[in-house]
Amino acid sequence: MASTNHFLGFRSESPVGKGKMNVAKKLHMVAGTWGVRCSFHSLMGILVATLIVAAVYMTGEGGRWLEDRPATTTCRNGGESSCSMCNLFSGKWVFNNRSYPLYKEKECTFMSDQLACGKFGRQDLNYQNWRWQPHQCDLPRFNGTALLERLRGKRLVFVGDSLNRGQWVSMVCLVDSNIPPNLKSMHTNGSLITFKAIEYNTTIEFYWAPMLVESNSDDPVMHRLPERVVRVQAIEKHARHWTDADLLVFNTYLWWRRSKMKVLWGSFESPDGIYKEVEMVRVYEMALKTWSDWLEVHVNRSKTQLFFVSMSPTHQRAKEWGGGNGQNCYSETELISEEGYRGTGSCPKMMGVVDDTIKKLKKRGVDVRVLNITQLSEYRKDGHPSIYRKQWEPLTENQLSDPKSYADCIHWCLPGVPDVWNELLYAYIMYY
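Residues numbered from 1 in each chain as written. Predicted model: local features only at pLDDT ≥ 70, side-chain atom pairs only at ≥ 80, totals over all residues. Heavy atoms only, no water.

(A) Up close: the overall build of the protein chain. A tally of regular secondary structure across the protein chain gives 11 helices and 15 strands. With 432 residues in all, the protein chain has 49% of them scored as buried. When contacts within the protein chain are restricted to residue pairs at least 6 apart in sequence, long-range pairs at least 24 apart make up 75% of them. When the accessible area of the protein chain is evaluated, it comes to approximately 21,000 Å², of which 52% is carbon and sulfur surface. (Helix = DSSP H or I, 4+ residues; strand = E, 2+ residues; numbered from the N terminus. Buried < 20%, exposed > 50% of the residue type's maximum accessible area, 1.4 Å probe, protein only. Contact = heavy atoms within 4.5 Å. Areas by Shrake-Rupley, 256 points an atom, 1.4 Å probe, with all protein chains shown as cover.)

Encoded structure:
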């Protein structure tokens, strides 16, 4: 891993901040010496100098604070008194095999076989040892006990597809070791899976709704169908299960990745339903409109915190990062070093729809915070299960002879990338 460490580097403190502090200090001393004797022109000079110092803060290294929405609050030393505004999503990956992973795969009581790459034969485990380092601050260290205390008596519900389920599994694993075996439970009821920390009267739940609105893929098990159909104006069947949640974490993206989608006006049970194919991204926009309207009417704005997780990138085409033609994430063990890399596995147009929807919600008094995990996850072609996961169906001889043909380059191994998504969520919950 020496070469990987070299190209990503380790974080070093910038001397710019110290210089700016000295400028401000000198200005303060000069103003104190002149007192009331300073002339009008001198006062104007001080004002101009002060504006210059402010400009340095906003356009120098600190200019990164203004990049990419949203900015949130974090703490360099983990205490609220040291909090400052910072873009948590602009940064780099730093190798750290002393503090990471935050938990052991084998020690997580409720680990998913879809994500347990070590269990299913993966030997290179360095993908577990990377931490995310924002450029202008530090992520607060995840503290499971502190989070459970903050969530005491509350419901944290993840709503979405299998990527959101992976983030939910990660969150459960992150707090699992803080709870004695006899004081935690897991219960499944249809599309809703509930992890309960009994001592804290806290639940961390996942609800399967890959499109957020109703679709013919709503069955949590039997949802792989040849043709996808959505009811873009219907969400209540799902939403009634999470109406009273205290924290809601939504995602929906991967299941929409096709050129057209069949839309149903009417019910699945009615023979009088009207079906029409609608092009992407218009159908996605229609579904998010229904979702946002529901939030505006039903969410208790003084109680419920709302989050939307941006699209999780895939790594299906190795040629995009300089690999071989026809290859994918299979056998990848290194990160992508190109700063700002973005592959075709993510769609800016769809994320633009999310941005527009959330901006409109904010104008209507509903605040949804975006966990912008896309760019930081783009670098992690090494973090997917590839062939190291439970196979739900027997592999064919052709697949066995060509492992890349069945490599999973969509989901993420645990411990791994989704733990960082939850570190970002933790920063919001604890310090925002």
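(B) Representation of the packing of aromatic side chains within the structure. Scanning all chains against the criterion turns up 13 aromatic pairs. Ring centres 5.4 Å apart and planes at 80° place the aromatic pair Phe250 and Trp291 in the edge-to-face group. Note that Phe250 is positioned in strand β11 (residues 247-250) and Trp291 in helix α7 (residues 282-298), a separation of 41 residues in sequence. Exposure remark for Phe250: the relative accessible area of 0% places this residue in the buried category. For the ring pair Trp412 and Trp421, a centre distance of 6.3 Å and an interplane angle of 80° mean the geometry is edge-to-face. Taken individually, Trp412 and Trp421 each receive the classification buried, so the pair is uniform in this respect. In this structure an aromatic cluster arises from ring pairing among Trp242, Phe250, Trp291, Trp294 and Phe308. A cation over an aromatic ring shows up here: Arg141 above the ring of Tyr100, its NZ or CZ 5.5 Å from the ring centre. If you follow Arg380 out to its NZ or CZ, it ends over the ring of Trp93, 4.6 Å from the centre. (Phe/Tyr/Trp six-rings, centres within 6.5 Å; stacked < 30°, edge-to-face > 60°. Lys NZ or Arg CZ within 6 Å of the ring centre and 35° of its normal.)

(C) Molecular detail of the pattern of salt bridges. Overall, the coordinates contain 21 salt bridges when judged by the stated rule. For Arg122, the salt bridge is made with Asp124, and the minimal N-O distance between the two is 2.9 Å. Classification of Asp124 by relative accessible area gives partly exposed; the value is 28%. Across the pair Glu214 and Arg231 runs a salt bridge whose closest N-O atoms are separated by 2.9 Å. Remark: Arg231 occurs in strand β10 (residues 229-231) and Glu214 occurs in strand β9 (residues 214-215); sequence separation between them is 17 residues. Among the charged side chains, a salt-bridge network with shared partners connects Lys289, Asp293, Glu296 and Arg364. (Salt bridge = Lys/Arg side-chain N within 4 Å of Asp/Glu carboxyl O.)

(D) Structural view of the nonpolar core. Counting residues in each nonpolar core, the largest one holds 107 residues, and the members touching the most others are Trp242, Phe250, Trp256, Trp291, Leu295 and Phe308. Those residues within four positions of Trp242 in sequence are excluded, and the remaining contacts are Arg155, Val157, Val159, Tyr207, Ile235, Leu248, Phe250 and Trp294. By size, the runner-up hydrophobic cluster in this structure holds 5 residues, among which are Ile387, Tyr406, Ala407 and Cys409. (Core = buried A, V, L, I, M, F, W, Y, C linked by side-chain atoms within 4.5 Å.)

(E) Geometry of unusual backbone geometry. For the bond running from Met280 to Val281, omega is 20°, close enough to zero to count as cis. When you line up the elements, Val281 lands in the loop between β13 (274-279) and α7. Here the bond from Leu414 into Pro415 is cis, since omega is -10°, no more than 30 degrees from zero. Mapped onto the elements of the fold, Pro415 is located in the loop between α10 (397-401) and α11 (417-431). One non-glycine residue with positive phi stands out, namely Ser331, at about 70°. Within the fold, Ser331 resides in the loop between β14 (305-309) and α8 (348-363). Taking relative accessible area as the criterion, Ser331 reaches 57% and is therefore assigned exposed. Its identity as a non-glycine residue notwithstanding, Ser386 has a phi of 55°, on the positive side. Tracing the sequence through the fold places Ser386 in the loop between α9 (374-378) and α10. By relative accessible area, which is 3% here, Ser386 ends up buried.

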